[in-house]
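Examining the three-dimensional arrangement
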Amino acid sequence: MSHQAIATAHPLQPLPPGAFRILQITDSHLYADPHGCLAGINTLQSFQAVLEQARALPAEMILATGDLVHDASPEGYQRVRDAFAALGLPVYCLPGNHDLPAVMSRCLDRDGITSPKLVSHGDWAIFLLDSTIPGEEGGRLAEEELDRLEQGLEQNPGKHALICLHHHPVPVGSAWMDRMALENPERFFGLLQRFPNVRGILWGHIHQTYDATYRDMRLMGSPSTCIQFTPRVDHFAIDNEPPGMRWLELFPDGRIRTGVQRLQRMPLGLDLSSVGY
Ligand SMILES: [Fe+2]
C-alpha cells in the first residue's frame, strides 16, 4: 500500500459557508485516581490542558476516538464527562482497546456526550466504528459493524463520508504498534472502495501523527492527550513530543483541511525510559 505524505496546515483561516471544524481528542487514558500517571505524566492534567487549547479553536463538535480511560473505571469516565461537558459542544465518542464499550456509554452518554454510529452534519456523514476486541489490544471490525457501515454509506450517497475508528487500518512502520493494528483491513478497504464519497479515515491508538492519502482518501492518525510513542521504531519507545489534538475542517465540496496542535511544552514528569503502557 503506497501513501503520500501531506504537509501540515494551520487552522483558523475563515471558513466558507457550509464548511465546519471538528476537533479530535484521543487516547486520554484517565484513571479512577485523579493522580494516575502514564509514563510519569498525570493523564488528567494533560487532558485538561489539551481541552483548554480546544476551547480556543471554534468548532462544531468533538470526536473522541477511544482509550478515553486507561482502567475502564466509571470514575475515570466521570472525569472525562465532566471535562467534556464544560466545553459546551456535542462530543461523539467511540471505544478503544482500554475502554469497555458498555461501561463507557453508560457513564458518558449525557450532557451532550453520546456514542452514536453516525453523525450527519451539513454535507457530511461521520461514521463512528467500534473496532475493539474484548480483552485484546489489537482491533477488528466485526461483520455486523461492517454491515452497519455499508448500510449507512448506501443510505447517504449524496454526503461526503468521514470514517472514524480507534485502531489504525494501515501499518504505521512500528513493528510493536503494527502488531495491534486493525486485523481485517482488506475487508474494510474492500468495502470503502465501492463508495467514492468516502473522503477520509480518522483514528487514535498510535499516539503519534500520521497523515497520508490512499485512493483519494485522507488517512489520519493523531497524537494522544498524554504520552506520545516514537514513530517508525520497532520497539516500544516514548517520544518527547508534547500532547495534542487534531483539528479538521470539512468543506461542502468534500475537501478536508487538517492539522495537529500540541501543547507548547511537555508536562512535567515524563519518564522516557518507561517500558510499556
Ligand atoms: Fe489504543
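Everything below is about the structure printed above this text.
Per chain, residues are indexed from 1 in the order of the written sequence. This being a predicted model, a pLDDT of at least 70 is required before a residue's local features are given, and a value of 80 or more before pairs of side-chain atoms are given or counted; all residues contribute to the totals for chains, interfaces and linings. Each side-chain value is worked out from all heavy atoms of the structure, with water and hydrogens disregarded.

Observations regarding the layout of surface pockets
Stated formally: A cavity here means a set of points on a 1 Å grid, drawn over the protein atoms and nothing else, where a 1.4 Å probe fits but cannot get out; a pocket is an open set with protein on both sides within 12 Å along at least five of seven lines, and a residue lines either one if it has an atom within 4 Å of a point. Grid points are joined across faces, edges and corners, and a volume is the space filled by probe spheres set on the points. Note on residue classes: Ala, Val, Leu, Ile, Met, Phe, Trp, Tyr, Cys and Pro are nonpolar, Asp, Glu, Lys and Arg are charged, and everything else, Gly too, is polar.
Taken as a whole, the largest pocket spans an internal volume of roughly 230 Å³. Taken together, the residues of the lining of the largest pocket break down into five nonpolar, four polar and five charged.

Brief notes about the side chain of Arg 81
Filter applied, for reference: Only runs of H or I of at least four residues qualify as helices and only runs of E of at least two qualify as strands under DSSP, and these elements are numbered from the N terminus. Under the scheme applied here, a residue whose accessible area is under 20% of the maximum for its type counts as buried, over 50% as exposed, and between as partly exposed, the area being computed with a 1.4 Å probe on protein chains only. Two N or O atoms form a polar contact when they lie within 3.5 Å of each other; inside protein one atom must be a possible hydrogen donor and the other a possible acceptor, and for residues adjacent in sequence the pair counts only when both atoms belong to side chains. By definition in these notes, contact holds between two residues if any of their heavy atoms fall within 4.5 Å.
Positionally, Arg 81 belongs in helix α2 (residues 74-85). A relative accessible area of 9% places Arg 81 in the buried class. Polar side-chain contacts of Arg 81 include one of 3.5 Å to the side chain of Asp 111. Look past the residues within four positions of Arg 81 in its chain and what remains in contact with it is Cys 107, Leu 108, Arg 110, Asp 111 and Ile 113.

Looking at the coordination of the iron ion
Stated precisely, the cut-off is as follows: Coordinating donors are taken as N, O and S atoms within 2.8 Å of the metal, stretched to 3.2 Å for Na, K and Ca; because water is absent from the atoms, sites can appear incomplete. For four-coordinate sites, all angles between 85 and 135 degrees define a tetrahedron; for four- and six-coordinate sites, opposite donors beyond 155 degrees with the remaining angles between 65 and 115 define square planar and octahedral shapes respectively, and all other cases count as irregular.
Within the protein, the iron ion binds to Asp 67 (OD), Asn 97 (OD1), His 166 (NE2) and His 205 (ND1); these donor distances fall in the range 2.2 to 2.3 Å. If you look at the iron ion, its four donor atoms make angles of 85 to 170° with each other, and the shape they trace is irregular. Each donor residue of the iron ion belongs to the same chain, with the gaps between them written as D-x29-N-x68-H-x38-H. Of the two residues, Asp 67 is situated in the loop between β5 (61-64) and α2 and His 166 in the loop between β10 (160-165) and α5 (175-178); the sequence distance between them amounts to 99 residues. Overall, Asp 67 belongs to the buried group, its relative accessible area being 0%. The exposure class of His 166 is buried, given its relative accessible area of 0%.

Geometric values such as these leave the question of function open.
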